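Notes for the structure review
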Amino acid sequence: MTIKSGYFKKHLHVDLTQGAAERLSLSDAFLEQWIGGRGFGAKMTWDNLRKHNFKIDPLGPENLLIIAPGPLTGAYLPSSGKNSFIAISPATGLYGDSSIGGAFGVELRQTGIDVLTVTGRAEELSVLFIDNGATSILAMPELEGKTCLEAEGMIKEKLGTHAVHVATIGVGGENLVKFACVNSDWGRNAGRTGIGAVMGSKNLKAIVVRGHKDLPVHDIASLVEENDKATKYMTEHKFFKMWQQEGLMNVIEYANEKGILPAYNFKDSVFAKHDRINGATMLDGYKIGDSACFSCPMCCSNICLVKNGKYAGTVVEGPEYESCAMLGSNLGVESFAAVLRANQLCDELGIDTISAGSVIAATIEGYERGIISLSDLDGREITWGDEDGIFELIRKIARREGIGDTLAGGALRIISRWPEMEKVVLHVKGLEQSAYDSRPSITMALAYATSDIGAHHARAWTIAKEMEQGESWSDDERVDHVIYHQKLRPLFDMLGVCRLPWIELGLSERHYENFYKFVTGHERTLEDLLKLSNDVYDLTRLINTRLGATGKDDTLPYKVWASPPLSGPTAGRVIDRDDFGRLLSLYYRKRGWSEDGLPPADVEAKFSD
Amino acid sequence: MSRRLAVIPEECSGCGICELVCAIKHFGANNPKKAALRVVTTYPHPVMRMPVVCSQCRVPVCAQVCPVDALRWIDGVVQLDEKECVSCYKCVDACPFGAIYVHEDCEYPIKCDMCGGDPECVKKCPKGAIRLIPESALGESKRINNVLSYAQMKEIEYYEKGEKKTIQYAEIGKEEL
């Protein structure tokens, strides 16, 4: 036996239609191949698709919701609080996942399971409560229409305890907004691919966990020693203090300087008032505390309070770069207080800040261009930086009122209603693009285009290195860079840990080989582990292929080809179609996929045991 | 002189590393629920992250209610004698701070022993939110912060003809020295 520890080897499966829960065993072979997190998610999604003959409505009871931490989640090592939510995405109709930090996944594991799956649909709005070894489904129709925090408070009151972790949806999830999130620990959101709508479609308002069990670790003394080394490296890094202080908010300034900060729906890549929404402004007038995910010394999350003015009293855990850019510069909002207010609204209503910022920016531009009419806007004009109008749209999206009903359908619904919006809304495969402009970075463009879930930055965040060193890269180097990120990134999500110590502070990925070894007792090299994470990439590709995606979907938003940033250091830059096509072919070749982007035939047999 | 744990809640990020290292040291278990302290988090109002630690009270209520005299204040630490303890948990109930803990796997209440004078939580907190300070220094930072809260650090307040005014403190720049 190769795996000696690190797992409970238990899978909790809940069928909400039947109102039944069962604890199933996980085999060593399964654990060794798929590790955890996204790995479990891909395999279980694939098995469920085969079971349903590849006909799954993302919002139907048959869509399997998988909540998967990894074997390192909760272990004593830097930033081990990660947990993935996986399902067929209502936004793309393809494989979808989103991860959260905080401590929900740790507590979930401490109930004695490695993975939770949920299928079916509850008759009434319900809460799933996993209390150590006991599982119950509680009907709580009184939670209907409640914000994430209200719902969490009511649940804790009903259960008579605060010592639980709650993952809940807001109004957005209940109303099946295609970019609804799952919220936990106040500021943690599984924001992307619409997992909140999957929960909503199951009448599942929240999952509550309380667990006391020891997390299995093979060699705790060596784990402590390895963590001490990693932590020492991190805390001595010249940027460590800056990370504790500003967290991801430091990226606003960087992105503006480099010309990759979205402004006015990516019309521009610099923002004149960047200094009103940057980290320094936050530190100067808004930040009141730090927040960290479980076992993370970096505490990159900020707690911010608006102390005076129109939005006085607004308090959020956040923002981080994505939320601040998408709800700030990308909407022409020049006030940090307004960004905080919009962030709070999105969090409480349970919709993704990235997608919300993206579709609202597209709406403003669509109206400006005359594609969207005043009556489409329910008679209320909207323009850049129009704070009240933006807040109103956020509310309308979550409630699906008026134009909000269309916007709640995300990029694809917007384009189906107003076909000319194809040139305005930025998305790949139906997922709205994150806040890194790919026009000056062809590796980032390739990463967005080939991402299994659509245009999400964290799938392969190649842009920084390319902007710094990549001017003279050969095609081979560019493609290898993207593929390396696409191999390593899933590994973090499979292990259940955060990528930031690696990508931001340069903590060597070799540590993770050791962390894995000391937790599971299974000796594997990083290269062995990367082969497994590459399998996950192949499998999600296969899933998407079987759901109808082809190489033609590995494309980019119109603006990336044809509408360059107006000013700043990247003014005039677009991605050349020929350059991109050449890289994409090379990418397929290096991955061993066909010219049309299909994985080799043996992949299907390999993963269909 | 006795030293005690001092908590600076404004510094705490809620990461739980203190809980982990405590449980690992005392039980060899990767389990924050087996720690002799707990980070309590509240949001959105009040926003609070507060490690609840044992104060090692000089007049320990936990010891007073112990029916078998298993808790005693010795050299600045309220120590639990497991040979005497009957696990009635009266101490857990009696502690005014809720700083003694119970876990179903553990035979006895989980009570901070200050790690023999060199607490793990203090050593490993990445924010310096838990500190070990001499008893006589307790309250020092509160005192100075409270006084400073009357005026902005770089402003001097004064009254002129009954009117409150402030003036920026003129710092001596490096070039002048």
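Structure: see above.
In this text the structure is predicted, and so the values were computed from the model without any measurement. For every chain, the first residue of its written sequence is number 1, and the numbers climb from 1 along that sequence. Labels are handed out in written order, letters beginning with A for the chains and numbers beginning with 1 for the ligands. Given that this is a predicted model, residues contribute local features only at a pLDDT of at least 70 and side-chain atom pairs are listed and counted only at 80 or more, while totals for whole chains, interfaces and linings are drawn from all residues. Side-chain calculation: all heavy atoms of the structure are included, whereas hydrogens and water are not.

Right, let's get into the pattern of salt bridges. One side-chain nitrogen of Lys or Arg within 4 Å of one carboxyl oxygen of Asp or Glu is enough to make a salt bridge. Counting across every chain of the model gives 52 salt bridges over all chains. Salt-bridge contacts for A:D228 lead to B:K124; the nearest nitrogen and oxygen are separated by 3.4 Å. Of this pair, A:D228 sits in helix α7 (residues 220-236) while B:K124 sits in helix α4 (residues 120-124), each in a different chain. Residue exposure (1.4 Å probe, protein chains only): buried if accessible area is under 20% of the type maximum, exposed if over 50%, otherwise partly exposed. Its relative accessible area of 32% is what places A:D228 among the partly exposed residues. Taking relative accessible area as the criterion, B:K124 reaches 24% and is therefore assigned partly exposed. Taking the shortest distance from any N to any O, the salt bridge between A:E334 and A:K273 comes out at 3.6 Å. Placement of the pair is A:E334 in the loop between α11 (321-327) and α12 (336-349) and A:K273 in the loop between α9 (251-258) and α10 (279-285), with a sequence separation of 61 residues. Among the residues examined, A:E334 registers a relative accessible area of 30% and is labelled partly exposed. On the basis of relative accessible area, A:K273 is assigned to the partly exposed category, the value being 27%. Shared partners join several salt bridges into a network, and the residues in it are A:R38, A:D97, A:D452, A:R459, A:R489 and A:D493. The way it works is that DSSP assigns letters per residue, a run of H or I at least four long becomes a helix, a run of E at least two long becomes a strand, and they are numbered from the N terminus.

With that out of the way, let us pick up the pairing of strand β3 (residues 65-69) of chain A. Residue and element names in this part refer to chain A. Counting buried residues along β3, five of its five residues qualify, which places the element largely inside the surrounding structure. Neither face of β3 is exposed, since L65, I67 and P69 on one face and I66 and A68 on the opposite face are all buried. One requirement defines pairing of two strands: DSSP has to find at least two bridges between them. Across three bridges, β3 lies against strand β6 (residues 115-119) in antiparallel orientation. Among the inter-strand pairings, L65 is bridged to a residue of β6, identified as V118. The pairing of β3 with strand β4 (residues 83-88) spans four bridges and is classified as antiparallel. By the bridge assignment for β4, A68 is matched with S84.

Another aspect to go through is the state of the cysteines. All names here are of chain B. We call a pair of cysteine sulfur atoms a disulfide when they lie within 2.5 Å. All told, the structure shown has zero disulfides over all chains when counted by the stated rule. No disulfide involves C88; its nearest neighbouring cysteine sulfur is the one of C66, lying 6.1 Å away. Among the residues examined, C88 registers a relative accessible area of 38% and is labelled partly exposed.

Here the focus is the layout of surface pockets. In this structure, the largest pocket spans a volume of roughly 1,200 Å³. As for the largest pocket, its lining consists of 45 residues, and the residues nearest its centre are A:H162, A:A163, A:H165, B:V39 and B:T41. Residue assignment for the lining of the largest pocket shows that the elements contributing at least two residues are α3 (104-110) and α4 (148-159) of chain A together with β2 (38-42) and β3 (48-52) of chain B. Residue composition of the lining of the largest pocket, grouped by class: 18 nonpolar, 15 polar and 12 charged. In this analysis a 1.4 Å probe is tested at points of a 1 Å grid over the protein atoms alone, and where it fits but cannot get out there is a cavity; an open set with protein on both sides within 12 Å along at least five of seven lines is a pocket; lining residues have an atom within 4 Å of a point. Grid points are joined across faces, edges and corners, and a volume is the space filled by probe spheres set on the points. For this scheme, ten residues count as nonpolar: Ala, Val, Leu, Ile, Met, Phe, Trp, Tyr, Cys and Pro. Four count as charged, namely Asp, Glu, Lys and Arg, and the remainder, Gly too, count as polar.

This paragraph deals with the interface of chain B and chain A. Two residues form a contact once any of their heavy atoms are found within 4.5 Å. Chain B puts 25 residues into the contact, and the matching count from chain A is 34 residues. When two parts are brought into contact, each loses some accessible area as probed by a 1.4 Å sphere; the total of that loss over both is the buried area. Taken as a group, B:N30, B:K33 and B:Y43 account for 26% of the area that chain B buries against chain A, more than any other trio of residues on that side. If you look at where chain B meets chain A, you find four salt bridges. Between B:K127 and A:D290 there is a salt bridge; the shortest N-O distance is 2.2 Å. Here a polar contact means two N or O atoms within 3.5 Å. Within protein one must be a hydrogen donor candidate and the other an acceptor candidate, and residues neighboring in sequence count only if both atoms are side-chain atoms. Along the contact surface separating chain B from chain A lie 19 residue pairs in polar contact (both at pLDDT 80 or more). The biggest single contributor to the side of chain B that touches chain A is helix α1 (residues 17-27) of chain B, with four residues.

Among the secondary structure elements, A:E142 is positioned in the loop between β8 (134-139) and α4. In this structure A:E142 touches A:M154 and A:K158, once residues within four positions along its chain are discounted.

A helix is expected to span 1.5 Å multiplied by its residue count minus one. Look at α7(A): 24 Å from first C-alpha to last across 17 residues, which is about the 24 Å you get at 1.5 Å a residue. In this structure, the buried side of α7(A) is in contact with α8 (240-246), α20 (500-503) and α21 (510-520) of chain A together with α1 of chain B.

Here we take up the sheet that holds strand β13 (residues 287-291) of chain A. Residue and element names in this part refer to chain A. Taken in spatial order, the three strands make up an open sheet running β13-β14-β15, and their pairing is antiparallel. Each edge of the open sheet is held by one strand with a lone partner, namely β13 and β15 (315-317). Neighbour to neighbour, the strand axes of the sheet diverge by 15° on average, direction disregarded. Here β13 pairs with strand β14 (residues 301-305) via four bridges, running antiparallel. Residue pairing across strands places G289 opposite I303, the latter belonging to β14. Against the sheet, α12 touches β14 and β15, its axis set at about 70° to β15. Here, axes are lines fitted to C-alpha atoms. For helices the fit covers the stretch in contact, and angles between N-to-C directions go from 0 to 180 degrees.

Next up on the list: the side chain of A:R499. If you trace the backbone, A:R499 turns up in the loop between α19 (475-495) and α20. His residues and chain termini do not enter the charge count, which takes Lys and Arg as positive and Asp and Glu as negative. Although A:R499 is buried, it makes no salt bridge; A:D493 carries the closest opposite charge, 6.2 Å away.

Attention now goes to the nonpolar core. Counting 174 residues, the largest nonpolar core has A:Y321 and A:Y587 as the members making the most contacts within it. Sequence-distant contacts of A:Y587, that is, excluding residues within four places in its chain, are made with A:L446, A:T450, A:V479, A:V482, A:I483, A:Q486, A:Y537 and A:W593. Counting 33 residues, the second largest nonpolar core, distinct from the first, contains B:V78, B:A99, B:C106 and B:C125. The set of buried Ala, Val, Leu, Ile, Met, Phe, Trp, Tyr and Cys residues whose side-chain atoms join them within 4.5 Å is what this entry labels a nonpolar core.

A word on the packing of helix α13 (residues 353-368) of chain A against helix α14 (residues 387-399) of chain A. Angle between the axes and distance between the axes: these two values describe a pair of packed helices. All names here are of chain A. Two numbers describe how α13 lies on α14: the axes approach to 11 Å, and their chain directions differ by 120°. Viewed along their axes, α13 and α14 adopt a mutual orientation that is oblique. Where α13 crosses over α14, the handedness of that crossing is right-handed. Along the contact surface, α13 presents V359, I360 and T363, while α14 presents I390, L393, I394 and I397. For the contact of α13 with α14, a count of residues per class yields six nonpolar, one polar and no charged. What sets the label is the angle itself: under 35 degrees gives roughly parallel, over 145 gives roughly antiparallel, 65 to 115 gives roughly perpendicular, and the rest give oblique. Crossings are classed by handedness, with left-handed meaning an anticlockwise turn of the near helix from the far one by less than a right angle and right-handed meaning a clockwise turn.

Before going further, it helps to examine unusual backbone geometry. In this structure, the amide linkage connecting A:G318 to the following residue, A:P319, adopts the cis form with an omega of 0°. Examined against the element boundaries, A:P319 turns out to sit in the loop between β15 and α11. Between B:Y43 and B:P44 the backbone carries a cis peptide bond, its omega angle lying at -10°. Unlike most non-glycine residues, A:F266 shows phi in positive territory, near 60°. Residue placement: A:F266 occurs in the loop between α9 and α10. Under the relative-accessibility criterion, A:F266 is labelled buried at 2%. Phi at B:Y89 takes a positive value of approximately 65°, unusual for a residue other than glycine. Positionally, B:Y89 belongs in the loop between β5 (77-80) and α3 (90-94).

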